[in-house]
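Coordinates in review
Okay, here's what each chain looks like letter by letter:
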Amino acid sequence: MMTRFDDIRHYTDAEMLVALKRIRRFPELKPVVAYAFPDMTYDEFANLLDSITGIADLQHRVMVRGMATVVEKTMSSFSFSGLENIKPGKAYLYISNHRDIVLDAYLLQCILDTHGLPTTRITFGSNLMKSEFLRELGLCNKMFRTERGSDKGGDFASARGFYSALEHLSDYINSSILNDNVSIWIAQRGGRTKDGHDATDPALVKMLGMAHKNRNLADNYARLNIVPVTVSYEWEPCDALKAAERCKTVDGQYRKSENEDLVSIITGIKQYKGAVHLAIGKPLVEDDLLQLPASRSEFCDSLAAILDSRINAAYRFSPNNYIAHDILFNTKQFTHRYSSSQAELFARHIAAAIEKNNTVNPEKLRRNILELYANPIINAQ
């Protein structure tokens, strides 16, 4: 039966089971299996897929297991906090800082699943769906389509069409939480931060309220049970790629090369990340929102500022953040936070990034990497 969300929703259980048979025919699957399931042959993995009964089963037996391999191979530790803020049986809107295309959302899914809580639906940018393989994987894992505007290389030639898509997205998110009682994960901005500033886009906050424009603002947003989420990586996923992109950005415009998103996904997953922490904040309640300005525009700006404050306050700093800050500002303010060997390791990391990315200005690249690591400290001050 057709529904008003068929153009953006993820697969149903029945659709997912059919999709798994298609996914097995993609040549891209074999290297994924070899990396994420090193203790299984491809035939054994295929038999595992044949035994899957639904999306929850797929995520518990495949997604969580594969992510455990990523944690083991690329992290020295993975910790989390704030799970006590989440009540079983209640749907939430998780708004997260955005550092990695895949991991930011899926680390949260693993925490929820392994503690007996349902996973969330996840925003899935239309730019990522250009790969049929990624599209199938995403739709099988509760990812739903979000459009990119025409100014960001998206599918809409007119502002009117993009506005209509935002209304549709808002309706879906609100319906998921209020009617289906299914949580949503969404990034605080349209793309990953490239400069280390975790900033919530007020336009995203405005989008969330488009489904119920005539309701009281505080009540409208309180019903979404908004939870700020902060992911902190000791070694930033794709740090050199992000810094190089900033070098190549002119007048705010950057043109991606073919398969660049796929390269970022693979790099983000495989790159060593060291200590990683995910902090689940306290849900925003109506009392938090009643204090905000009455006008819609000012309300959304203020709500974005609250999210920024809570997300930045929960960021867990690593020695790399302190080292980058001291180098960037030519100070010894945080020398008690790191050792000389840690500083030398970070310097070698930057030198290797500069050597590898020899098509951009080395000094600009160096500064961009330093800012990526130093800005979280500046934001928390």
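Below, the structure is looked at part by part. (Residues numbered from 1 in each chain as written. Predicted model: local features only at pLDDT ≥ 70, side-chain atom pairs only at ≥ 80, totals over all residues. Heavy atoms only, no water.)

This part covers the overall build of the protein. When you go through the protein residue by residue, the secondary structure sums to 16 helices and 7 strands. Taken over C-alpha atoms, the radius of gyration comes to 21 Å for the protein, in line with the 21 Å a tight globule of 381 residues would show. Over its C-alpha atoms, taken along the principal directions, the protein stretches across nearly 60 × 60 × 45 Å. The 381 residues of the protein split such that 51% are buried. Sequence separation of at least 24 residues holds for 75% of the intrachain contacts in the protein that already meet a minimum separation of 6. Counting only carbon and sulfur atoms, one obtains 52% of the accessible surface of the protein, whose full area is about 18,000 Å². Separation between the mean location of the 46 positive side-chain charges and that of the 46 negative ones in the protein comes to 0 Å. (Helix = DSSP H or I, 4+ residues; strand = E, 2+ residues; numbered from the N terminus. Rg over C-alpha atoms; globule rule 2.2 N^0.38 Å. Buried < 20%, exposed > 50% of the residue type's maximum accessible area, 1.4 Å probe, protein only. Contact = heavy atoms within 4.5 Å. Areas by Shrake-Rupley, 256 points an atom, 1.4 Å probe, with all protein chains shown as cover. Lys, Arg positive; Asp, Glu negative; His and termini not counted. Charge placed at Lys NZ, Arg CZ, Asp CG, Glu CD.)

Our focus in this paragraph is helix H5 (residues 103-114). Its 12 residues give H5 an end-to-end C-alpha distance of 16 Å, which sits within 8% of 16 Å, the value for a rise of 1.5 Å per residue. Summarising burial for H5: 11 of the 12 residues are buried, a large majority. What H5 keeps buried is the set Leu 103, Asp 104, Ala 105, Tyr 106, Leu 107, Leu 108, Gln 109, Cys 110, Ile 111, Leu 112 and Asp 113. Two residues or fewer past H5, Gly 116 is found with a positive phi of approximately 75°. (Expected span 1.5 Å × (residues − 1).)

Inspection of the entire model under this criterion finds 11 aromatic pairs. Between the aromatic rings of Phe 346 and Tyr 373, the centroid separation amounts to 5.2 Å while the plane-to-plane angle is 90°, which identifies the pairing as edge-to-face. Taken as a pair, Phe 346 in helix H15 (residues 340-356) and Tyr 373 in helix H16 (residues 362-380) lie far apart in primary sequence, 27 residues in all. Exposure class is identical for Phe 346 and Tyr 373. Each is buried. An aromatic cluster is defined as three or more aromatic residues linked by ring pairs; in this entry it consists of Tyr 315, Phe 317, Tyr 322 and Phe 334. We note Lys 30 situated over the ring of Tyr 42; from NZ or CZ to the ring centre the distance is 5.2 Å. The ring of Tyr 35 has Lys 73 sitting right over it, with the charged end atom 4.0 Å from the ring centre. (Phe/Tyr/Trp six-rings, centres within 6.5 Å; stacked < 30°, edge-to-face > 60°. Lys NZ or Arg CZ within 6 Å of the ring centre and 35° of its normal.)

So, on to the nonpolar core. In this structure, Phe 45, Tyr 94 and Leu 107 are the most contacted members of the largest nonpolar core, which totals 58 residues. Of the residues forming this core, the biggest block, 8 residues, is contributed by H5. Once you skip the residues sitting within four places of it in the chain, Tyr 94 turns out to touch Ile 86, Leu 108, Leu 112, Thr 120, Ser 183, Ile 184, Trp 185, Ile 186, Val 227, Val 229 and Ile 280. One finds Ile 95, Ile 173, Leu 217 and Ala 222 within the second-largest nonpolar core, a separate group that totals 32 residues. (Core = buried A, V, L, I, M, F, W, Y, C linked by side-chain atoms within 4.5 Å.)

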